[in-house]
Amino acid sequence: MSDSQLIWEGRVKAEWVDYNNHMNDAAYAIVFSTALDSMLDKIGLDEAFREENHYTAYTLETHVLYRTEAVLDEKLDVFVQILDKDEKRLHLWMEMKNESSELVAASEQMIMGMDQAAGRPAPFPPALVKGIEALPHTEAKFRPSMAGRAIGIKKK
């Protein structure tokens, strides 16, 4: 990851470990969702802002790529960078790494700002734009090679 920011740190919980003795696929989604919430707090979209401004963010799409197993009590860190943005959407790339900095999983996400009172998409308020600008942004030529992948079976 060329330029990223640490947004979540934790350990693999017992309830996340499945019958294969490693983290269940759903738990990866929980970690990435929790990391997204942490990132939103960092840019200023915390509970107080949501209540005061009736503004939130919705996840439109997410892809998780699994690269290696995580086991009980293993330390994990999640890093984020912005791949693209417009006035009301963020295209994010998150990487989950272990203590050895090995890529455990990656998540590509698209989120959209929402005016809760109107129930419609809305541009990010100026207070949030400042927080968004402080996050690492990746130029298209440095985009992670796994970003933008589609699921499919390659035909021979």
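Residues numbered from 1 in each chain as written. Predicted model: local features only at pLDDT ≥ 70, side-chain atom pairs only at ≥ 80, totals over all residues. Heavy atoms only, no water.

(A) Summary view of the environment of arginine 143. Secondary-structure assignment places arginine 143 in the segment after α3 (126–134). Sequence separation between arginine 143 and isoleucine 82 is 61 residues, and the spatial gap between their C-alpha atoms is 9.6 Å. Apart from the residues lying within four places of it in its own chain, the contact partners of arginine 143 are Leu83, His91, Glu108, Thr138 and Gly148. (Helix = DSSP H or I, 4+ residues; strand = E, 2+ residues; numbered from the N terminus. Contact = heavy atoms within 4.5 Å.)

(B) Representation of the packing of aromatic side chains. Applying the stated criterion across every chain, the model contains one aromatic pair. Ring geometry for tyrosine 28 and tyrosine 66: centres 5.0 Å apart, planes at 90°, overall edge-to-face. Highlighted residues: tyrosine 28 in helix α1 (residues 25–43) and tyrosine 66 in strand β2 (residues 55–66), separated in sequence by 38 residues. Classification of tyrosine 28 as buried rests on a relative accessible area of 3%. Taking the ring centre of phenylalanine 79 as reference, the NZ or CZ of lysine 97 above it sits at 5.8 Å. (Phe/Tyr/Trp six-rings, centres within 6.5 Å; stacked < 30°, edge-to-face > 60°. Buried < 20%, exposed > 50% of the residue type's maximum accessible area, 1.4 Å probe, protein only. Lys NZ or Arg CZ within 6 Å of the ring centre and 35° of its normal.)

(C) Broad picture of unusual backbone geometry. Notably, asparagine 21 is not glycine yet its phi reads approximately 65°, a positive angle. Note on placement: asparagine 21 falls in the loop between β1 (5–11) and α1. For asparagine 21, a relative accessible area of 59% puts it in the exposed group. Unusually for a residue other than glycine, serine 101 sits at a positive phi of about 65°. One can find serine 101 in the loop between β4 (89–98) and β5 (103–115).

(D) Structural detail: the pattern of salt bridges. One pass over the full model with this rule turns up six salt bridges. Between glutamate 9 and lysine 75 there is a salt bridge; the shortest N-O distance is 3.6 Å. Placement of glutamate 9 in strand β1 and of lysine 75 in strand β3 (residues 75–85) is noted, with a sequence separation of 66 residues between them. Glutamate 9 gets classed as exposed once you look at its relative accessible area, which sits at 53%. Residue lysine 75 is joined to aspartate 77 by a salt bridge in which the shortest nitrogen-to-oxygen separation is 2.6 Å. What you see here is one network of salt bridges that share partners, running through Glu9, Lys75 and Asp77. (Salt bridge = Lys/Arg side-chain N within 4 Å of Asp/Glu carboxyl O.)

(E) Representation of the environment of leucine 40 within the structure. Relative to the helices and strands, leucine 40 resides in helix α1. The exposure class assigned to leucine 40 is buried, which follows from its relative accessible area of 9%. As a C-alpha pair, leucine 40 and glutamate 52 span 12 residues in sequence and 15 Å in three-dimensional space.

So far we have only geometry, and geometry alone does not tell us how the molecule works.
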